[in-house]
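Descriptive analysis of the structure
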Amino acid sequence: MSDYLPEEVVLEILHRLPVKSLSRFRCVSKSWNSIITTPAFINSHFSSNSSNSNKLIVRHCVDKPYLEHYKLIDDNNDSSSDQIQHIDFPLTSSRINHFMLIGSVNGLFSLFELERYVLWNPSIRKFITLPNPCITVKTHGRVKCRSAFGFDPRTNDYKVVRIAFRCGTKRTEEAKVPLVEVYSLNEGSWRITSAGESFSPGISFDDWGRPSASLNGAVHFVANDRDDNFCPLVLSFDLGDGVFRVISVPNGAFRTSDYVHTSVIGGSLALLCHDTYRHTANNCCSIWVMKEYGVVDSWTKQFTVNLNGGLIRVLGLQKNGNILVEAELPLHWELSSYDPNSKQVKNLGICGRPYYFCVDNYMENLALLDKPNDAVSKRGVSRKRKCRDKLDSSQHFSICLLTSDEARVHLLQEAREQQQEVVQLEETVRQRQEAMLYQQEAIQQQMERMASFKSQLEKAADFKSRLAHLIQRLGGPGWRRI
């Protein structure tokens, strides 16, 4: 098609196609593959199609076996079981029950276990494992990290942020200032920044286990101000200039005992405040939305959801006005839809572990399409393998003399490296299988061509025989008499 249509027309056609079709059309030609996998096309395709999503993606985890699942539901209606679409998750956590969800933005998910970070794009069914962070136990000692995942629209770059606090017996001034490192997907590497200098020593995090909220080129956390009676506030980290900033919350809206975390609702920064006293009569969740980003006076309480009757916490809002909640049933926990007008609750049939549910907008994105499946170099893996092969009995004995924490970290690190090798081997086997499949298809096509050519030769021989017979008849005695 590209031989007969102008390039700008081809680009316009490709921009209008869904992600699934574009993934397949990479095989049409080298030129199409080159166009579809360029960063410029990936960014422009997302920008022109990001507002077309009418689905939500739900994360839920189950036990025994410990697996996490992802499903698509309709954002406008309460989906029935036959309308729910399942998306296969390609990974299984090797050291903890489930991956920790750091955050999601523009259809991408960032997941974490110990020091392993993964980016996953469910719309193209692809993931990458990030290189090892710069801040590790070996380089900086024991640290406690708060991670975040966001998108910088100024550079069209997805970034993972690690805010690391040194662990020690004495809380010195140096220990109060965190180390901050940022992974850039465009650059493909981690970099330690000086962002910790803008972090106020009086601030502590209050939502360690919750995903951060990415909006307007910054990631947002809920934190406490120890110098102000642990008053809650929103701490933002700008992904462009690498600076921490404080956003005040509505005065007197939250208590120190409330569980508050950030979210993005309708394109605005939001706070979900849950009453931690679950068995009180006024157990509820209040939803606050910042109508104008950065303007404290624009905070508005949008909903108050009564959490009595088995409702545990609020997860998000649907376009039809219903509120998605986590409900406790007699035998399990389930995702449900709550109608604030009728106060009715409808179970959606999606079950999982409590406090592991997560809901976000499903957005088709080609990001990661141009990336390898594993960002860890084979050279680094082979070098680590050689180092492990050189361990003799004396080195193993020295490992046994380490403290329990150091030994555990060492063993977990070794297990992680082994798993990375397995991933590399699986990827190599997969590539070889694909190459063999292509070779088999090429051989099959060649055989079909040979069979077709043989058939044509047989037809030609038959035609030649009939032609010779006709010539013989025309040249016989009867023809001469005429």
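Residue numbers run consecutively from 1 along every chain, following the written order of its sequence. Predicted model: local features are reported for residues with pLDDT of at least 70 only, side-chain atom pairs are reported and counted for 80 or more only, and whole-chain, interface and lining totals are derived from all residues. Water and hydrogen atoms play no part in the side-chain values, which are based on all heavy atoms of the structure.

1. Looking at the overall build of the chain
A count of helices and strands for the chain gives ten helices and 25 strands. The rule is simple: take the accessible area with a 1.4 Å probe, protein chains only, and divide by the maximum for that residue type; under 20% is buried, over 50% is exposed, in between is partly exposed. Across the 482 residues of the chain, 42% fall into the buried class. A sequence separation of at least 24 residues applies to 50% of the contacts in the chain between residues at least 6 apart. Here the Shrake-Rupley method, with its probe set to 1.4 Å, supplies the accessible areas, and only the displayed protein chains count as covering residues. Summed over its atoms, the accessible surface of the chain is roughly 26,600 Å², and 53% of this surface lies on carbon and sulfur atoms. Put simply, DSSP H or I for four residues or longer makes a helix, DSSP E for two residues or longer makes a strand, and each gets a number counted from the N terminus. Every residue pair with non-hydrogen atoms within 4.5 Å of one another is taken to be in contact.

2. Describing the packing of aromatic side chains
Any two of the Phe, Tyr and Trp rings considered here, Trp counted by its six-membered ring, make a pair once their centres fall within 6.5 Å; the pair's planes then place it as stacked at under 30 degrees, edge-to-face at over 60, or tilted in between. Here the structure, examined in full by the defined rule, presents 19 aromatic pairs. Each ring, one from Y183 and one from W190, has its centre 5.5 Å from the other, and the planes form 55 degrees; the classification is tilted. The exposure classification of Y183 matches that of W190, with both residues buried. Pairing F199 with F244 gives two aromatic rings, centres 5.2 Å apart and planes at 85 degrees, and the pair type is edge-to-face. Pair noted here: F199 is in the loop between β11 (189–193) and β12 (203–205) and F244 is in strand β16 (residues 244–247), with a separation of 45 residues, a long-range link. With a relative accessible area of 4%, F199 lands in the buried category.

3. Remarks on the sheet that holds strand β17 (residues 259–265)
Strand order across the open sheet formed by four strands is β17-β18-β19-β20, with antiparallel pairing between neighbours. At either end of the open sheet lies a strand with only one pairing partner, and these are β17 and β20 (299–306). The sheet shows a mean angle of 25 degrees between the axes of neighbouring strands, direction not considered. Following DSSP output, two strands are said to pair if at least two bridges run between them. Pairing geometry for strand β19 (residues 284–290) and β20, over seven bridges, is antiparallel. Bridged to I287 within β20 is F303. Structural elements are reduced to axes, namely lines fitted to C-alpha atoms, with helices fitted over the stretch in contact, and the angle between N-to-C directions of any two is expressed from 0 to 180 degrees.

4. Re the pairing of strand β23 (residues 333–339)
Among the seven residues that make up β23, five are buried, leaving the element largely enclosed by the rest of the structure. As defined by bridge partners, strand β22 (residues 323–328) adjoins β23 across six bridges and the pair is classed as antiparallel. Looking at β23, one finds that E326 is bridged to L335. Connecting β22 to the antiparallel partner β23 that follows it, the hairpin turn spans four residues.

5. As for the sheet that holds strand β4 (residues 100–105)
As summarised here, the arrangement of the four strands in space is β4-β5-β6-β7, forming an open sheet in which the pairing is antiparallel. Two strands bound the open sheet, and with one partner strand each, they are β4 and β7 (126–129). Sheet twist, expressed as the average angle between the axes of neighbouring strands with direction ignored, equals 20 degrees. Of the strand pairs in this sheet, strand β5 (residues 108–113) and strand β6 (residues 116–121) are connected by five bridges, and their pairing is antiparallel. What sits directly across from E113, in β6, is R116.

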